[in-house]
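Summary of the model geometry
Now for the letters of each chain:
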Amino acid sequence: MIGTGYVGLVTGVCFAELGHSVTCLDIDKEKIEELKSGISPIFEEGMEELLPKNIREGRISFTTHYAEAIPGADLVFLCVQTPSGEYGKADLSYVYSAVRECVTHIDEYTVIVNKSTCPVGTVRTIKELINEIVPEKECDVASNPEFLAEGVAIHDFLEPDRIIVGVDSSRAEKVLREAYAPLIDKGSVFLATIPQSAELMKYASNSFLAMKLSFINEIADFCELVGADVNEVAYGMGLDKRIGTRYLKASIGFGGSCFGKDVRALIHRGEEEGYEFKMIKALIAVNNTRYLTTINKLKKHLGNLKGKTIAVLGLAYKAGTDDTRDSQSLRIVFELLANGAQVQAFDPRAMEHFKKTFARANEIIFSTTALETADSADALLILTEWNEFKELDLTALKTKMSGTLIVDGRNILDRKIVESAGFTYEGIGR
Ligand code: UDX
């Protein structure tokens, strides 16, 4: 497993749990030392248990040396980052450098499997690269896109909706099928396609889900104009099996390290082919201005935000993770500060990441509890759907705050209960 980020570490630990012998490699020495002692650099449900267990039982090990990880491996999974480069183009430099490093250590037939999210055509480019460097080595290249969502990644790996591999060699397909055999035997769908199709499936899936989110967010705004309730509308729509109820929760907008990056990369890949993705561009445009909905709700009640104290509950881009990458909270907090508001913030998991990644973190007062965050606040914003925010003590909150406005950016509170506790309630699309 090359790379020990979310995908590499989860895949490595899960393959070990399935009974395989796994070596995880990362160039970050500190991270590898921590992992060796069973400490995970990421917060992921189930990781605290499975990581030390598989180390103890001898199925997973960690190294910074390719010479230790590669010889003897049947499969090498590339799980390195593919950040957004110029104009949204996926930056594949980490992928290519991992390929260069690993191929020289191949000693017998190996399948190099790309799990990093890479544009259509990358398997072919990797093959060409290998042929240039070590034409004599016996190996195949495959794509195996990863669909796991953070927070439920281990569950998603062990109980996948589908396992997709893009291969153009039956030998490679056989090795991959064997690796996934414990899941296939339990009923998981294993779909082998040509590499280009597998590569595009990942981008098309993420874009489709992001499109559902931007779609329901547009409907939510319209619900507010006509007095409809988006939760009811989404549920009613979702009962149609062709639509489905998932990914229809209206919100402050989507975030996370994948949706925005992957959608932009697909648009860019289209441009390379002279093709324009009109619908996909529109979903990004909707999400890019989504944060203003929250800001405007505050302004509607408080007027100018200068000098106002705003309590922000939730910094992670969704509940169940400590990740703040591309979180809408970053945009909203930035906009609050730009409007001259004083921000008090709390998140049960993500405060450390937020402090590290948000340039103006020193202007924010971070609290240790949700209630403390509300101290003398003119308004309270709920930006992440953490369970503990669903159970806020409204009576205590009322005494703490100086104002009465609650903007529920995740529709997790009951309007009637909140209003009867003496608050003004603003949800999303209802
Ligand atoms: C996503 C894909 O789901 C996963 O398949 C892919 O491999 C990586 O990208 P992830 O980024 O972990 O996973 O998060 P996800 O749970 O999909 O949520 C993305 C964003 O959409 C979050 O900000 C979340 O709050 C938001 N969301 C999700 C909604 O606003 N409403 C919903 O109904 C669902």
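So, here is what we can say about the structure in this document. (Residues numbered from 1 in each chain as written. Predicted model: local features only at pLDDT ≥ 70, side-chain atom pairs only at ≥ 80, totals over all residues. Heavy atoms only, no water.)

The next thing to look at is the overall build of the chain. Helix and strand content of the chain: 20 helices and 13 strands. Its C-alpha atoms give the chain a radius of gyration of 23 Å, near enough to 22 Å, the size a compact globule of 430 residues would have. Counting only C-alpha atoms, the chain reaches 75 × 45 × 40 Å along its principal axes. In the chain, which comprises 430 residues, the proportion classed as buried is 52%. Across the chain, contacts joining residues at least 24 apart in sequence account for 72% of those joining residues at least 6 apart. For the chain, the accessible area works out to roughly 19,500 Å², and carbon and sulfur atoms hold 52% of it. Charge centroids of the chain, computed over 48 positive and 62 negative side chains, lie 4 Å from each other. (Helix = DSSP H or I, 4+ residues; strand = E, 2+ residues; numbered from the N terminus. Rg over C-alpha atoms; globule rule 2.2 N^0.38 Å. Buried < 20%, exposed > 50% of the residue type's maximum accessible area, 1.4 Å probe, protein only. Contact = heavy atoms within 4.5 Å. Areas by Shrake-Rupley, 256 points an atom, 1.4 Å probe, with all protein chains shown as cover. Lys, Arg positive; Asp, Glu negative; His and termini not counted. Charge placed at Lys NZ, Arg CZ, Asp CG, Glu CD.)

Here the focus is helix α10 (residues 195-226). Given 3.6 residues to a turn, an α-helix orients residues that are three or four positions apart in the same direction. Taking 1.5 Å per residue as the helical rise, α10 with its 32 residues ought to reach 46 Å, and the 47 Å between its terminal C-alpha atoms agrees with that figure. One or two steps after α10, the chain reaches Gly227, where phi turns positive at roughly 80°. (Expected span 1.5 Å × (residues − 1).)

Here we come to the site of the ligand. Around the ligand, 19 residues are found, and the nearest of them are Phe147, Glu150, Tyr247, Lys318 and Arg410. The contact in question runs from an oxygen atom of the ligand to an N or O atom on the backbone of Gly255, over 2.9 Å. One of the side-chain nitrogen or oxygen atoms of Tyr317 is found 2.9 Å away from an oxygen atom of the ligand. Ranked by residue count, the leading element in the shell around the ligand is α10, at three residues. Residues of the shell around the ligand, tallied by class, amount to ten nonpolar, three polar and six charged. (Near = heavy atom within 4 Å. Polar contact = N/O pair within 3.5 Å; in protein donor to acceptor, adjacent residues only side chain to side chain. Nonpolar A, V, L, I, M, F, W, Y, C, P; charged D, E, K, R; others polar.)

Another point: a nonpolar patch on the surface. A grouping of Phe222, Leu225 and Val226 is seen on the molecular surface, where their side chains present a nonpolar patch of about 350 Å² in accessible area. Mapped onto the fold, Val226 is located in helix α10. (Patch = residues over 30% accessible without salt bridge, like charges linked within 9 Å, V, L, I, M, F, W, Y side chains within 5 Å. Salt bridge = Lys/Arg side-chain N within 4 Å of Asp/Glu carboxyl O.)

Turning our eyes to something else, we now look at the side chain of Thr324. Note that Thr324 resides in the loop between β8 (309-313) and α15 (328-338). Residue classification places Thr324 among the buried residues on the basis of a relative accessible area of 2%. A distance of 3.4 Å separates the side chain of Thr324 from the side chain of Thr357, its partner in a polar contact. Apart from residues lying up to four places away in sequence, Thr324 is in contact with Leu315, Ala316, Leu330, Ala350, His353, Phe354 and Thr357.

Another aspect to go through is the pairing of strand β9 (residues 342-346). Most of β9 sits inside the fold, with four of its five residues counted as buried. Sheet topology note: the β8/β9 ladder contains five bridges and is parallel. Opposite Leu313, over in β9, you have Phe346 as the bridge partner. The handedness of the β8 to β9 crossover, carried by α15, is right-handed. Looking at chain direction, β9 and strand β10 (residues 365-366) are connected through two bridges and run parallel. Bridge pairing in β10 links Gln344 to Ile365. The handedness of the β9 to β10 crossover, carried by helix α16 (residues 351-357), is right-handed. (Pairing = 2+ DSSP bridges. Right-handed = clockwise from strand over helix to strand, strands pointing away.)

Moving on, we get to unusual backbone geometry. At Tyr87, a position not held by glycine, the phi torsion is positive, near 55°. Among the structural elements, Tyr87 can be located in the loop between β3 (75-78) and α5 (93-103).

Moving on, we come to the packing of helix α12 (residues 259-272) against helix α13 (residues 278-288). Following both chains from N to C, one finds α12 and α13 inclined at 145°, their axes separated by 10 Å at the closest point. When you trace α12 past α13, the crossing you get is left-handed. Residues Gly260, Val263, Arg264, Leu266, Ile267 and Glu271 of α12 form the contact with α13, whose own contacting residues are Ile280, Lys281, Leu283 and Ile284. Class assignment of the residues belonging to the contact of α12 with α13 gives a composition of six nonpolar, one polar and three charged. (Axes fitted to C-alpha atoms, helices over the stretch in contact; angles between N-to-C directions. Left-handed = near helix turned anticlockwise from the far one by under 90°.)

We now examine the nonpolar core. With 49 residues, the main nonpolar core has Leu298, Val312, Leu336 and Leu380 as its most contacted residues. Contributions of two or more residues to this core are made by α14 (291-302), β8, α15, β9, α16, β11 (379-382), α19 (394-400) and β12 (405-408). Top element by residues in this core is α15. It accounts for five residues. (Core = buried A, V, L, I, M, F, W, Y, C linked by side-chain atoms within 4.5 Å.)

Once that is clear, we can look at the sheet that holds β9. Taking strand neighbours across the sheet as the criterion, the six strands line up as β10-β9-β8-β11-β12-β13 in an open arrangement whose pairing is parallel. Strands with a single pairing partner mark the edges of an open sheet, and in this sheet they are β10 and β13 (424-426). Packed onto the sheet, α14 meets β8, β11, β12 and β13 and runs at close to 165° relative to β12.

Taking 1.5 Å of rise per residue, the 14 residues of α12 would be expected to cover 20 Å, and the 20 Å separating its terminal C-alpha atoms lies within 8% of that figure. Of all 14 residues in α12, eleven are buried; the element is thus mostly enclosed. Of all the positions in α12, only Phe259, Gly260, Lys261, Asp262, Val263, Ala265, Leu266, Ile267, His268, Arg269 and Gly270 are classed as buried. Contact partners of the buried residues in α12: α10 and α13.

Scanning the entire structure with this criterion turns up zero disulfides. Of all cysteine sulfurs, the one in Cys139 lies closest to Cys102, which takes part in no disulfide; the gap is 8.3 Å. (Disulfide = S-S within 2.5 Å.)

The subject of this paragraph is the packing of aromatic side chains. Applying the stated criterion across every chain, the model contains ten aromatic pairs. Relative to Phe157, the ring of Phe15 lies with its centre 5.2 Å away and its plane at 80°, an arrangement referred to as edge-to-face. Highlighted residues: Phe15 in helix α1 (residues 6-17) and Phe157 in helix α7 (residues 153-158), separated in sequence by 142 residues. Ring centres of Phe15 and Tyr180 lie 5.1 Å apart, and the angle between their planes is 55°; on these two criteria the pair is classed as tilted. Of this pair, Phe15 sits in helix α1 while Tyr180 is found in the loop between α8 (170-179) and α9 (181-185), placing the two residues 165 residues apart along the sequence. (Phe/Tyr/Trp six-rings, centres within 6.5 Å; stacked < 30°, edge-to-face > 60°.)

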